[in-house]
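Architecture at a glance
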Amino acid sequence: MIEVGAMRSSGPMPGNPWPQDMVLTVEDGSNLLLDLLWIREAWSLRPTGVDLPPLLSDGSVSAHARTESSDRVARWREAWPSMWRDGVRHAGELRDEAALFGRLQDSADGSPARAELLAESRGFSWRGEFGDEAFTDDYDRWQQARFEAAARPNSRSLDEEPERVSLAAVIPAWRAGLGKIVIIPCTGSYTRMIGRHALLATGETREDPRRYSEALGQFR
């Protein structure tokens, strides 16, 4: 799910502390990152490398994980860290999605221009690199459960949204260049500045006002 400019006011609102021109994108549904996180646990890859993210908060994935000693799993394990870095970098980029969509509509089917625009929009894909072998029925069930959870009505008010609760930390981060917050459904704290305009954090961090404010404080 992507919330674009959800906190922006259309005009001056007396008593509203949210700056009128402040727009943030909060993305918690990057297919690139979700695919990588699911595959890592569903296939017990256990990749090694520097600065890898923590495990998924949803323990059902690792509970039903497959263990397989094969050349294909070894290839997946070896490729995972670099694909994660590429995925994070792409997720952190600020793009004018409306303008990009317009350019896609104007491009010809099957043309090199359209292929380049699709790559710019979607980034790489696991399927493009390795095909569909890693995506089992468990993946479909996991995605369906996430979709159903996201579709449930949000009972909290606007003032209870994490960016509102931590507004004192959001505003200086935005003034320092923050335009996008990428959330991953992982355990614990894992906060990284990704590029000049984006912050990566876990869902647990975003839901904890103290930890979220500390995370936003990294963006200076």
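For the structure on display, the rule yields 12 salt bridges. One salt bridge in this structure joins Lys180 and Glu27, with 3.2 Å as the shortest N-O distance. On the criterion of sequence distance, the pair formed by Lys180 in strand S3 (residues 180-184) and Glu27 in strand S2 (residues 25-27) is long-range, its members being 153 residues apart. Close ionic contact of Arg156 with Glu207 constitutes a salt bridge, the shortest N to O distance being 2.9 Å.

As a further point, take helix H11 (residues 209-216). Taken as a whole, H11 has its buried residues at Arg211, Tyr212, Ala215 and Leu216. Along H11, the residues classed as buried sweep out an arc of 135 degrees about the axis, all on the same side. On its buried side, H11 packs onto helix H8 (162-165), helix H9 (167-175), S3, strand S5 (198-202) and helix H10 (203-206). Where H11 begins, the capping side chain belongs to Asp208, and its oxygen is found 3.0 Å from the backbone nitrogen of Arg210.

Taking 1.5 Å of rise per residue, the 21 residues of helix H3 (residues 71-91) would be expected to cover 30 Å, and the 29 Å separating its terminal C-alpha atoms lies within 8% of that figure. A bend of about 40 degrees at Trp80 is the largest found in H3, and the proline Pro81 appears one to four places after it. For H3, the set of buried residues is Val73, Trp76, Ala79, Trp80, Pro81, Met83, Trp84, Gly87, Val88, His90 and Ala91.

Quick look at the packing of aromatic side chains now. Applying the stated rule across the entire model yields 6 aromatic pairs. Taking 5.1 Å as the distance between ring centres and 70 degrees as the angle between the ring planes, the aromatic pair formed by Trp38 and Tyr139 counts as edge-to-face. Residue Trp38 is located in helix H1 (residues 31-42), and its partner Tyr139 is located in helix H7 (residues 137-151); the two are separated by 101 residues in the primary sequence. Per residue, the accessibility class of Trp38 equals that of Tyr139, and both read buried. Consider the rings of Trp80 and Trp84, whose centres lie 5.5 Å apart with planes at 5 degrees: the pair is stacked. A residue pair is termed a helical-turn pair when its members lie 3 or 4 positions apart in one helix, as Trp80 and Trp84 do in helix H3 at 4 residues. Members of the aromatic cluster, each reached through a chain of ring pairs, are Trp43, Trp76, Trp126 and Phe130. Positioned above the aromatic ring of Phe135, the side-chain terminus of Arg127 is 3.8 Å from the ring centre. Above the face of the Tyr190 ring, Arg192 is positioned so that its terminal group lies 4.1 Å from the ring centre.

Where a strand is regular, its side chains alternate between the two sheet faces. For S5, the buried fraction is high: 5 of the 5 residues fall into the buried class. Side chains of S5 alternate between two faces, with Ala198, Leu200 and Thr202 and Leu199 and Ala201 buried alike. As paired strands, S3 and S5 are joined by 5 bridges and run parallel to one another. Paired with Ile181 across the bridge in S5 is Leu199. Here 2 bridges tie strand S4 (residues 192-193) to S5, and the two strands are oriented antiparallel to one another. Bridge pairing in S5 links Met193 to Leu199. Counting the residues between successive antiparallel strands, the hairpin from S4 to S5 contains 4 residues, one of them, Gly195, with a positive phi of roughly 80 degrees.

This part is about unusual backbone geometry. Positive phi values are uncommon outside glycine, yet Arg46 reaches one of about 50 degrees. The exposure class of Arg46 is exposed, given its relative accessible area of 62%. Phi angles above zero are rare outside glycine, and Asp51 is one such case at about 65 degrees. You can see Asp51 is positioned in the loop between H1 and helix H2 (60-63).

This brings us to the side chain of Glu41. With respect to the helices, strands and loops of the structure, Glu41 is situated in helix H1. Notably, Glu41 is buried but unbridged: the nearest opposite-charge side chain belongs to Arg40, and the N-O separation is 4.1 Å. From its side chain, Glu41 meets the backbone nitrogen of Leu56 in a polar contact 2.5 Å long. Setting aside its immediate chain neighbours within four residues, Glu41 contacts Leu55, Leu56, Val61, Ser62 and Ala65.

Conventions and cut-offs
- Residues numbered from 1 in each chain as written.
- Predicted model: local features only at pLDDT ≥ 70, side-chain atom pairs only at ≥ 80, totals over all residues.
- Heavy atoms only, no water.
- Salt bridge = Lys/Arg side-chain N within 4 Å of Asp/Glu carboxyl O.
- Helix = DSSP H or I, 4+ residues; strand = E, 2+ residues; numbered from the N terminus.
- Buried < 20%, exposed > 50% of the residue type's maximum accessible area, 1.4 Å probe, protein only.
- Arc of directions from axis to C-beta.
- Contact = heavy atoms within 4.5 Å.
- Polar contact = N/O pair within 3.5 Å; in protein donor to acceptor, adjacent residues only side chain to side chain.
- Expected span 1.5 Å × (residues − 1).
- Bend = angle between axes of the 7 residues up to and from the residue.
- Phe/Tyr/Trp six-rings, centres within 6.5 Å; stacked < 30°, edge-to-face > 60°.
- Lys NZ or Arg CZ within 6 Å of the ring centre and 35° of its normal.
- Pairing = 2+ DSSP bridges.
- Lys, Arg positive; Asp, Glu negative; His and termini not counted.

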